[in-house]
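# Close look at the chain arrangement
In case you want the letters, here they are:
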Amino acid sequence: MDFSLGEDRQMLVDSVGRYLADTFDFSAREKAIASSEGWSRAMWNGLAELGVIGAFFREDAGGYGGSPFDIGAVFGEVGRAIAVGPFLETLMAGRVLAATGRSEELAGVISGETRITFADTPMMGANGSPVAPMHAASNGDGWKLSGGKGVVGYVAGAELIVVSAQTDTGTSLFLVRGDAAGVSIRDYPLVDGGAAGELTLADTPAELLGSDGEGQALIDDATAAGLTALSWEAVAIMDVLRAQTIEYLRTRKQFGIPIGKFQALQHRMATVALEIEQARSAAINAAAALDKAPNVRDAAASAAKYTIGTVGKLTAEEAIQLHGGIGMTWELPLSHYAKRLTMIGHLLGDEDEHLSRYIALRQAAA
Amino acid sequence: MDLEFTEEEKAFREEVRAFLKEKLPARLSDKVRNGQNLRKEDMEEWHAILNARGWLANHWPVEWGGTGWTVMQRAIFEEEVSKAHAPRIVPFGLSMLAPVLIKYGSEEQKKHYLPRILDGTDWWCQGYSEPGAGSDLASLKTQAVRDGDDYIVNGQKTWTTLGQYADWIFCLVRTSNEGKKQEGISFLLIDMKTPGIEVRPIKLLDGDHEVNEVFFTDVRVPVANLVGEENKGWTYAKYLLTYERTNIAGVGASIAAFEQLQQVAKTTMRNGGPLAEDPLFAARMAKVEIDLENMKTTNLRVLAAAGAGHAPTAESSMLKIRGTEIRQALTDLMRRAAGSYAQPWIHAAFEEGFNGEPVGPDWAAPVASDYFNMRKLSIFGGSNEVQREIITKSILEL
């Protein structure tokens, strides 16, 4: 049994970490999230050159890695730098391209030339219920999509969009060009940095990915990879929050002594540290199960999302509380880590949804 | 990253399973599974079976009768014996005293005591806690005063687990009141048959006699029974506490308990459906199961690091806290699963050979008592609050 990343993967991690530390420090991040696009294409291109995007995909799909631990290791560095950009979307959409033999498009994604995103979340209306469900129809000269998707990450400016839609047969996945007819986007910044948008398609031409009605298995596979990636990203953020909070407990003085001398704070910190180790184990478990049978894979992915959801909330809230007032400020990077960690809880289903899914999967297996 | 066990480890697991299948008496595993009380002879019987195979003192050095197993092999062994509902190995002589003797004892002490621990001649108990020295163990007051070739011991020990069976007790005693309180403690081996020793039972909240008070009145102990040097006992005691933490998480016991809970939840009907399908109960179960799955990997990570020579500190405390919380949560769920039938307290049903009229589900008799008994897990072995202090010390370095 070996819990180290291994030499090659460690080299990748080191180079990604160095690149992000050099080019995407806190002030660079501030500039990026305040820009009109909400992220830095220069950073993205630099990472693509380092082979980071290729690390998400296997060699037979044109990538340079693709093992669950490659994905996890890269997302760990993304978390450590709270880098903004379409990492998750690229992983998930790219995985669909790889699974459906779209090697030409995937090559463009891996090189960084082509920006891609993944549109699966239903659009919500003002009254809190889904509106404009995405549907697809084929009329002899190809598929046309109409409907909406909500909170699509980094959709503005994406050259390719993988969209889920209902056909007469069932859930299917389609590839839509960002400049195709009928595409309209209302984009906005996100509370934790980065950007997303509401995507509306009106009779938009699209290409079917895989087989008609068999999109759910592709979505499930992409989701499992996405959950694994988010788990590793979240644990890395927890590590940063832990280190910063420990440092603060050691140096901040009140009543004439470091506040870390107070037992009430010590025990809370010890609990956070313990929970982070459990979260790390959950992330490892998810990665170890990613290439296994779907029910095993999905149970481990849901267990991990449940764990990082609960531990993430605890870690973010305690980091802010133990910092006191300064933890509330925009100026301190800590608050941005806490926001990102909390918002990871809102991606691909929260801890309640994944606890329910875990129960259903385990009951089905029993 | 490689989370698979090696071929050798898998083969070893099979070897352990085959051994348990062949050698673990069903009478003993039934008692453990059904939560019945083990008698002294039951524990001795199991010890003898393990000893015949050479696996009783599996963590000792080979020269003293150990196995030379890796930490991973030891973890596999612990997991399999727990899952098979084997009686636990009584730790006092084998896991607590022996490592101290092996590291700090004299050659004579090792040659005399270790074989007797192995073959069951001596049953040991632990004389650490006192009425005024619990978490603050170093404030202990039981006194040993030198008188020629003897110490004269006066004082009281408490929470002495299974002391009623013991032939010997290893004690922390105060031999000096000078300097720091940790620097006046010695480690003494005392024959329980010595005049002046009185053992009084403490009845616990589950009604059982598991722990005792031990009183010492002018008890003469030969100086030859001192382990290591006088006033260095605290060092040995700490070594004892940090040694052998491979099973601190109790993963095997939790796996066995969860499997039992799953079975019970599947067959027990509540409000017209199986308890396992009750949404709130299912959620409670799933949360514990996920925590346990995470804990298994955390435990393996610590073991892998220990195997590579990294001595765990904060990690051991984390495993102790979460491991005991999980075990307690599982007894809590078993108690809930029994519903009204957690209440009947038919004490005779806890003894082997009970053939009275059963009441309610056949698994329900001990669940409330187990739940109450397992409250001890977060109190003993360094309370979970003391463990948080250890974690804090290690990560905050203040």
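Residues numbered from 1 in each chain as written. Chains lettered and ligands numbered in written order. Predicted model: local features only at pLDDT ≥ 70, side-chain atom pairs only at ≥ 80, totals over all residues. Heavy atoms only, no water.

## Things to note about the interface of chain B and chain A
If you look at the interface, chain B gives 37 residues, while chain A gives 40 residues. Summed over both partners, the interface of chain B with chain A buries about 3,600 Å², with 62% contributed by carbon and sulfur atoms. Applying the counting criterion to the chain B and chain A interface returns 3 salt bridges. Ionic pairing is found between A:Glu277 and B:Arg301, a salt bridge with its closest N-O pair at 2.4 Å. Where chain B meets chain A, there are 22 residue pairs in polar contact (both at pLDDT 80 or more). When contributions to the side of chain B that touches chain A are tallied by element, the ones reaching two or more residues are helix H9 (279-307), helix H10 (314-337) and helix H12 (384-396) of chain B. Partitioning the side of chain B that touches chain A into residue classes produces 18 nonpolar, 6 polar and 13 charged. (Contact = heavy atoms within 4.5 Å. Buried area = accessible area lost by both parts, 1.4 Å probe. Salt bridge = Lys/Arg side-chain N within 4 Å of Asp/Glu carboxyl O. Polar contact = N/O pair within 3.5 Å; in protein donor to acceptor, adjacent residues only side chain to side chain. Helix = DSSP H or I, 4+ residues; strand = E, 2+ residues; numbered from the N terminus. Nonpolar A, V, L, I, M, F, W, Y, C, P; charged D, E, K, R; others polar.)

## Quick look at the domain arrangement of chain A
Residues and elements named next belong to chain A. Annotation of chain A at the domain level lists domain 1 (7-114), domain 2 (118-213) and domain 3 (216-365). On a C-alpha basis, the centroid separation for the pair domain 1 and domain 2 is 23 Å. Counting residues at the interface gives 19 residues for domain 1, matched by 19 residues for domain 2. When the buried area of domain 1 at its contact with domain 2 is split by residue, Glu89, Val96 and Arg102 rank highest and sum to 28% of it. Linking Arg177 and Glu105 is a salt bridge whose minimum nitrogen-to-oxygen distance equals 3.1 Å. At the boundary of domain 1 and domain 2, one finds 5 residue pairs in polar contact (both at pLDDT 80 or more). Top contributing element to the side of domain 1 that touches domain 2 by residue count: helix H5 (residues 87-99), with 5 residues. The residue makeup of the side of domain 1 that touches domain 2, split by class, is 8 nonpolar, 4 polar and 7 charged. (Domains from an automatic or database assignment.)

## Examining helix H1 (residues 7-23) of chain A
Since one α-helical turn is 3.6 residues long, residues separated by three or four positions face the same way. Residues and elements named next belong to chain A. For H1, built from 17 residues, the straight-helix expectation of 24 Å at 1.5 Å per residue is met to within 8% by its first-to-last C-alpha distance of 24 Å. Here H1 has its buried residues at Arg9, Leu12, Val13, Ser15, Val16, Gly17 and Leu20. Residues of H1 that are buried in the fold lie against helix H3 (41-50) and helix H4 (68-80). (Expected span 1.5 Å × (residues − 1). Buried < 20%, exposed > 50% of the residue type's maximum accessible area, 1.4 Å probe, protein only.)

## Quick notes on the pattern of salt bridges
Residues and elements named next belong to chain A. For the structure shown, the criterion picks out 58 salt bridges over all chains. Here Glu37 makes a salt bridge to Arg41, at a shortest N to O gap of 3.1 Å. Residues Glu318 and Arg268 are paired through a salt bridge, measuring 2.7 Å at the closest nitrogen-oxygen approach. Remark: Arg268 occurs in helix H8 (residues 263-289) and Glu318 occurs in helix H9 (residues 294-323); sequence separation between them is 50 residues. A residue is classified by how much of its surface remains accessible, and Glu318, at 13% relative accessible area, is buried.

## Some details on the side chain of B:Ser369
All names here are of chain B. Within the element layout of this structure, Ser369 appears in helix H11 (residues 367-373). Owing to a relative accessible area of 9%, Ser369 belongs among the buried residues under this scheme. Those residues in contact with Ser369 that lie beyond four places of it in its chain are Asp206, Trp345 and Phe350.

## Some remarks on the side chain of A:Glu233
Residue and element names in this part refer to chain A. With respect to the helices, strands and loops of the structure, Glu233 is situated in helix H7 (residues 215-251). What makes Glu233 buried here is its relative accessible area of 2%. A polar contact of 2.9 Å, which involves the side chain of Glu233, links it to the side chain of Arg340. Discounting chain neighbours no more than four positions away, the residues touching Glu233 are Phe75, Gly76, Val78, Gly79, Arg340 and Ile344.

## Examining unusual backbone geometry
Residue and element names in this part refer to chain A. The phi torsion at Ile82 lies on the positive side, around 30°, for a residue other than glycine. Residue position: Ile82 is located in the loop between H4 and H5. For Ile82, a relative accessible area of 2% corresponds to the buried category. Phi is positive for Phe255, close to 55°, though the residue is something other than glycine. Here Phe255 shows up in the loop between strand E10 (253-254) and strand E11 (257-258). Taking the relative accessible area as the measure of exposure, Phe255 reaches 77% and is therefore exposed.

## So, the pairing of strand E7 (residues 171-177) of chain A
All names here are of chain A. With respect to burial, E7 is a largely interior element, 6 of its 7 residues being buried. Across 7 bridges, the pairing between strand E6 (residues 160-166) and E7 is antiparallel. Paired with Ile161 across the bridge in E7 is Val176. The antiparallel pairing of E6 with E7 creates a hairpin that spans 4 residues between the two strands, and Gly170 there sits at a positive phi of about 150°. (Pairing = 2+ DSSP bridges.)

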